[in-house]
Amino acid sequence: HGKDVSLTIDANIQTAAEDILSALVKQYRGVAGTVIVAEPDTGKILAMASYPSFNPNDYEETDIGTFLNPAVQSVYEPGSIFKVITMASALDADKIKPDTTYTDTGELTLNGHTIRNWDLKAYGTITMTNVIEKSLNTGAAFAERQLGHDNFYQYLKKFGFTENTEVDLPGEVTGSLLPLEVDTRDINFATASFGQGISVTPVRLISAISAIANGGYLMRPYINADNKPQRVRRVISDDASRQTIDMMVSAVDKAQIARIKDYNVAGKTGTAQVPKLNGGGYTDEVINTYVGFAPAYDPRFIILVRLDKP
């Protein structure tokens, strides 16, 4: 209404984020992409961008769908990034340790449906840390079973997956845990443990992972600089937070891709199949997401990058 608004957006980070996102979408021939950069300990958003974008001076030349902000107004299945939520919850409940082992046969059959690891391999006896390093679906399902279905669902509520983040932006929508609420078969909890069958918004996902980065405290994300950091609640213990970060650092160190010299970086990949619009099964298309934060044990920033159908 004619008043000035000061944003938390850092112009340099925003410009770099837009350039990198645009280059990534074009390089991998995706249809769209989203990036968010935030401070885990405050919830302050330093950059938020989506591609394709539009020129406000010539907005009539752009498809109306582009005016939506996917960071807060689109939901999707997050894929394997969700494994760190599952692990953090089971660690907090003291149902597993990072060195807890299970025997991976490469597949798991529940309610007539068979879950397999993404690489179709079996790894034998491995630890929970190995599960995050290798991103094993069967390992996430094991951790969820140790936690128990009801406990798992309650932790997802604590992480905020049934509510808005209340970020100060218009039109925020909420993801869905519907399969865990209306069809409580084992298979639905197993697939949810690795981020399929449930849906999130990018802003909710980065907010939840920020709680792991931030010693277990969930913060309200904000973009109006006149607002102040606001703790929502404690989600997991500081100890469970530290153990989960150790797992994520190990995953980065093993994979090498996201490593930055002289820094500890914590990160996790996520590749989720895109559901068919008619409500049955999945297409061959995917959405790739990466979430990482650094320095891992006292993070100044957390970044989410999502590429649609690369």
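What counts and how
Residues numbered from 1 in each chain as written. Predicted model: local features only at pLDDT ≥ 70, side-chain atom pairs only at ≥ 80, totals over all residues. Heavy atoms only, no water. Helix = DSSP H or I, 4+ residues; strand = E, 2+ residues; numbered from the N terminus. Rg over C-alpha atoms; globule rule 2.2 N^0.38 Å. Buried < 20%, exposed > 50% of the residue type's maximum accessible area, 1.4 Å probe, protein only. Contact = heavy atoms within 4.5 Å. Areas by Shrake-Rupley, 256 points an atom, 1.4 Å probe, with all protein chains shown as cover. Lys, Arg positive; Asp, Glu negative; His and termini not counted. Charge placed at Lys NZ, Arg CZ, Asp CG, Glu CD. Pairing = 2+ DSSP bridges. Axes fitted to C-alpha atoms, helices over the stretch in contact; angles between N-to-C directions. Parallel < 35°, antiparallel > 145°, perpendicular 65-115°, else oblique. Left-handed = near helix turned anticlockwise from the far one by under 90°. Nonpolar A, V, L, I, M, F, W, Y, C, P; charged D, E, K, R; others polar. Phe/Tyr/Trp six-rings, centres within 6.5 Å; stacked < 30°, edge-to-face > 60°. Lys NZ or Arg CZ within 6 Å of the ring centre and 35° of its normal. Patch = residues over 30% accessible without salt bridge, like charges linked within 9 Å, V, L, I, M, F, W, Y side chains within 5 Å. Salt bridge = Lys/Arg side-chain N within 4 Å of Asp/Glu carboxyl O.

This part is about the overall build of the chain. Of regular secondary structure, the chain possesses 10 helices and 11 strands. Relative to the compact-globule value of 19 Å for 310 residues, the chain shows a C-alpha radius of gyration of 19 Å, a close match. Seen along its three principal axes, the alpha-carbon backbone of the chain occupies a region of about 60 × 45 × 40 Å. Residues counted as buried form 48% of the 310 residues belonging to the chain. A fraction of 65% describes how many contacts in the chain between residues 6 or more apart in sequence connect residues 24 or more apart. Total accessible area on the chain stands at roughly 14,900 Å², and carbon and sulfur atoms take up 49% of it. Put simply, the chain has 29 plus and 37 minus side-chain charges, and the middle of one group is 4 Å from the middle of the other.

Further remarks concern unusual backbone geometry. Of note, the bond from tyrosine 51 into proline 52 is cis; its omega dihedral lies within 30 degrees of zero at 0°. By the element assignment, proline 52 lies in the loop between strand 2 (45–51) and helix 2 (70–73). The residue serine 135 is not glycine, and still its phi comes out positive at about 55°. By the element assignment, serine 135 lies in the loop between helix 4 (128–134) and helix 5 (137–147).

On to the pairing of strand 2. Along strand 2, five of the seven residues are buried, which leaves the element largely enclosed by surrounding structure. Where strand 1 (residues 32–38) meets strand 2, six bridges bridge the pair, whose relative direction is antiparallel. Residue glycine 33 lies in a different strand from strand 2, and its bridge partner there is tyrosine 51. Hairpin remark: strand 1 followed by strand 2, antiparallel, with six residues in the connecting loop; positive phi at glycine 43, about 90°.

Further remarks concern the packing of helix 3 (residues 82–92) against helix 9 (residues 202–213). Here helix 3 crosses helix 9 at 45°, and the two axes come no closer than 11 Å. Looking at the two axes, helix 3 sits oblique to helix 9. Considering the relative orientation of helix 3 and helix 9, their crossing is left-handed. Contacts between helix 3 and helix 9 involve Val84, Ile85 and Ala88 from the former and Ala208, Ile209 and Ile212 from the latter. When its residues are assigned to classes, the contact of helix 3 with helix 9 shows six nonpolar, no polar and no charged.

Tallied over the entire structure, the rule returns six aromatic pairs. Centre to centre, the rings of tyrosine 59 and phenylalanine 67 are 6.3 Å apart; their planes meet at 65°, and the pair counts as edge-to-face. Taken together, Phe54, Tyr59 and Phe67 form an aromatic cluster joined through their ring pairs. Note that arginine 234 overlies the ring of tyrosine 217, its terminal NZ or CZ placed 4.1 Å from the centroid. Sitting over the face of the ring of tyrosine 76, arginine 306 holds its NZ or CZ atom 4.3 Å from the ring centroid.

Turning to its location among the elements, proline 310 is positioned in the segment after strand 11 (301–308). Along the backbone, proline 310 and histidine 113 are 197 residues apart, and their C-alpha atoms lie at a distance of 28 Å. Apart from residues no more than four positions distant in its own chain, proline 310 is found in contact with Tyr28, Arg29, Gly30, Val286 and Asn288.

The next thing to look at is a nonpolar patch on the surface. A contiguous nonpolar patch, built from Phe54, Tyr59, Ile64 and Phe67 and spanning about 410 Å² of accessible area, is present on the exposed surface. Position of tyrosine 59 relative to the elements: it lies in the loop between strand 2 and helix 2. On the basis of relative accessibility, which here comes to 48%, the residue tyrosine 59 falls in the partly exposed class.

Bringing helix 5 into the picture now. Counted residue by residue, helix 5 has nine buried out of 11 residues, so it is predominantly covered. Among all positions in helix 5, only Asn137, Thr138, Gly139, Ala140, Ala141, Phe142, Ala143, Glu144 and Leu147 are buried. In the stretch just after helix 5, glycine 148 is the one whose phi turns positive, near 100°.

All quantities given are derived from atomic positions and should not be read as evidence of function.
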